[in-house]
Amino acid sequence: MAGEDTPIIVENVGYEYDSGLARHHVLRDVSLKIEAGEIVILTGPSGSGKTTLITLIGALRAMQAGSIKIFGNELHKASQRALMKTRRNIGFIFQQHNLLDYLTVAQNISMSLSLGLGLSGAKARTRIEEVLDQVGLLAHIDKYPDALSGGQKQRVGIARALAVEPELIVADEPISALDVSIQAQILNLLRNLQDKLGLTYLFIAHDLSVVRHISDYVSVMY
């Protein structure tokens with residue numbers, strides 16, 4: 001039954017912005033429900049509002065109309081404290097890995113830990129080692145991003161998302177910048193992690209031929 005155990009409930013969401021010349025409707029009356037443990041692919045042409053929708057779902061953008069509940073918590077008109085609490089239960093994976101080049105792999109992940117779980121010191125190091133081991137990069141824990149391949153950097157991004165022990169992973173085209181062979185490796189990794197940890201995934205993807213086989217269903221935006 002939908003409710004607190006349902007990670008994502010989107011109902012009649014609308015979003016628009018003012019370009020200075022006109023009002024542009026990015027989202028109109030969008031509804032979506034994702035149950036726990038599902039892997040859902042969000043697709044559609046550029047400009048259809050996919051990124052806007054997941055930033056709303058991720059509590060990264062203020063809502064304008066409709067309702068979004070994340071694990072039962074309403075985001076529309078929620079306080080900043082409530083939005084921050086919601087964000088702590090979500091792991092974000094971006095198209096670009098967004099690693100800071102002047103920080104080591106461990107330090108990049110540590111930033112998420114201190115913000116998400118309030119961990120530091122030995123406890124943080126232990127958690128970092130755990131998630132890097134899960135993505136096969138424990139041996140690279142003290143390297144800088146420049147010493148890593150593109151696929152390895154994206155694995156660090158996945159480890160960073162996992163570090164906060166989220167129940168929901170939101171990903172904006174997490175493999176589109178990678179070679180095809182590396183894309184398959186990352187997708188298999190994400191699927192294996194989902195099987196082991198029981199995570200719920202919401203992906204944005206353009207190339208369904210690559211990702212369709214790992215998903216429970218595809219939601220198309222126009």
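Residues numbered from 1 in each chain as written. Predicted model: local features only at pLDDT ≥ 70, side-chain atom pairs only at ≥ 80, totals over all residues. Heavy atoms only, no water.

1. As for the sheet that holds strand 1 (residues 8-18)
Logical step 1: Judged by pairing direction, the sheet is antiparallel, and its four strands sit side by side in the order 2-1-4-5 without closing on themselves. On the outer flanks of this sheet lie strand 2 (23-34) and strand 5 (73-74), each paired with one strand and no other.
Logical step 2: In this structure, strand 1 lies alongside strand 2, joined through eight bridges in antiparallel fashion. Pairing of Ile 8 across the sheet is with Ile 34, part of strand 2.
Logical step 3: Along the sheet, helix 1 (residues 50-57) makes contact with strand 1, strand 2 and strand 4 (65-70), crossing strand 1 at roughly 120 degrees. (Pairing = 2+ DSSP bridges. Helix = DSSP H or I, 4+ residues; strand = E, 2+ residues; numbered from the N terminus. Contact = heavy atoms within 4.5 Å. Axes fitted to C-alpha atoms, helices over the stretch in contact; angles between N-to-C directions.)

2. Things to note about the pairing of strand 3 (residues 39-43)
Logical step 1: Most of strand 3 is tucked away: five of the five residues are buried.
Logical step 2: Here strand 3 shows a buried face lined by Ile 39, Ile 41 and Thr 43 and a second buried face lined by Val 40 and Leu 42.
Logical step 3: Relative to strand 8 (residues 200-204), strand 3 is paired through four bridges, and the arrangement is parallel. Residue pairing for strand 8: Ile 41 is matched across the bridge by Phe 203. (Buried < 20%, exposed > 50% of the residue type's maximum accessible area, 1.4 Å probe, protein only.)

3. Comments concerning the pattern of salt bridges
Logical step 1: On inspection of all chains with the given rule, the structure shows nine salt bridges.
Logical step 2: For Arg 23, the salt bridge identified is with Glu 16, shortest N-O distance 2.8 Å.
Logical step 3: Using a relative accessible area of 46% as the deciding quantity, one classes Arg 23 as partly exposed.
Logical step 4: The class for Glu 16 is partly exposed, based on a relative accessible area of 22%.
Logical step 5: Here Lys 33 ties to Glu 35 by a salt bridge, and the two come within 3.6 Å at their closest N and O atoms.
Logical step 6: The exposure class assigned to Glu 35 is partly exposed, which follows from its relative accessible area of 27%.
Logical step 7: Each of Glu 16, Asp 18 and Arg 23 takes part in a single network of salt bridges with overlapping partners. (Salt bridge = Lys/Arg side-chain N within 4 Å of Asp/Glu carboxyl O.)

4. Re helix 6 (residues 180-197)
Given 3.6 residues to a turn, an α-helix orients residues that are three or four positions apart in the same direction.
Logical step 1: For helix 6, with 18 residues, the first-to-last C-alpha span of 26 Å sits near the 26 Å given by 1.5 Å per residue.
Logical step 2: Listing the buried residues of helix 6 in full gives Gln 183, Ile 186, Leu 187, Leu 189, Leu 190, Leu 193 and Gln 194. Along the long axis of helix 6, the arc covered by the buried residues comes to 160 degrees, so they all point the same way. Exposed and oriented more than 90 degrees from the buried face of helix 6 are Asp 195 and Lys 196.
Logical step 3: The first or second residue beyond helix 6 is Gly 198, which carries a positive phi of 70 degrees. (Expected span 1.5 Å × (residues − 1). Arc of directions from axis to C-beta.)

5. Considering helix 1
Logical step 1: Counting buried positions over the eight residues of helix 1 gives seven, a clear majority of the element.
Logical step 2: Residues of helix 1 that are buried: Lys 50, Thr 52, Leu 53, Ile 54, Thr 55, Leu 56 and Ile 57.
Logical step 3: Ala 59, located one to two residues past helix 1, shows a positive phi value of around 60 degrees.

6. Some thoughts on the nonpolar core
Logical step 1: In this structure, Ile 109, Leu 132, Val 135, Ile 158, Leu 162, Tyr 201 and Phe 203 are the most contacted members of the largest nonpolar core, which totals 37 residues.
Logical step 2: Going through the elements one at a time, strand 3, helix 3 (105-116), helix 4 (121-134), helix 5 (150-163), strand 7 (168-172), helix 6 and strand 8 are the ones with two or more residues in this core.
Logical step 3: It is helix 5 that contributes the most residues to this core, six residues altogether.
Logical step 4: If we skip the residues at most four places from it in the chain, Leu 132 touches Val 105, Ile 109, Leu 137, Leu 138, Ile 141 and Ala 159.
Logical step 5: Core analysis: the second largest hydrophobic core is formed by 28 residues, Leu 32, Leu 53, Ile 54 and Leu 83 among them. (Core = buried A, V, L, I, M, F, W, Y, C linked by side-chain atoms within 4.5 Å.)

7. Section: the packing of aromatic side chains
One pair of aromatic rings is described through two measures. These are the centre distance and the angle between the planes.
Logical step 1: The final tally for this structure, using the stated rule, is two aromatic pairs.
Logical step 2: Look at Phe 92 and Phe 94: their rings are 6.3 Å apart centre to centre, the planes differ by 10 degrees, and that puts the pair in the stacked class.
Logical step 3: A relative accessible area of 16% means that Phe 92 is categorised as buried. (Phe/Tyr/Trp six-rings, centres within 6.5 Å; stacked < 30°, edge-to-face > 60°.)

These figures capture arrangement, not role.
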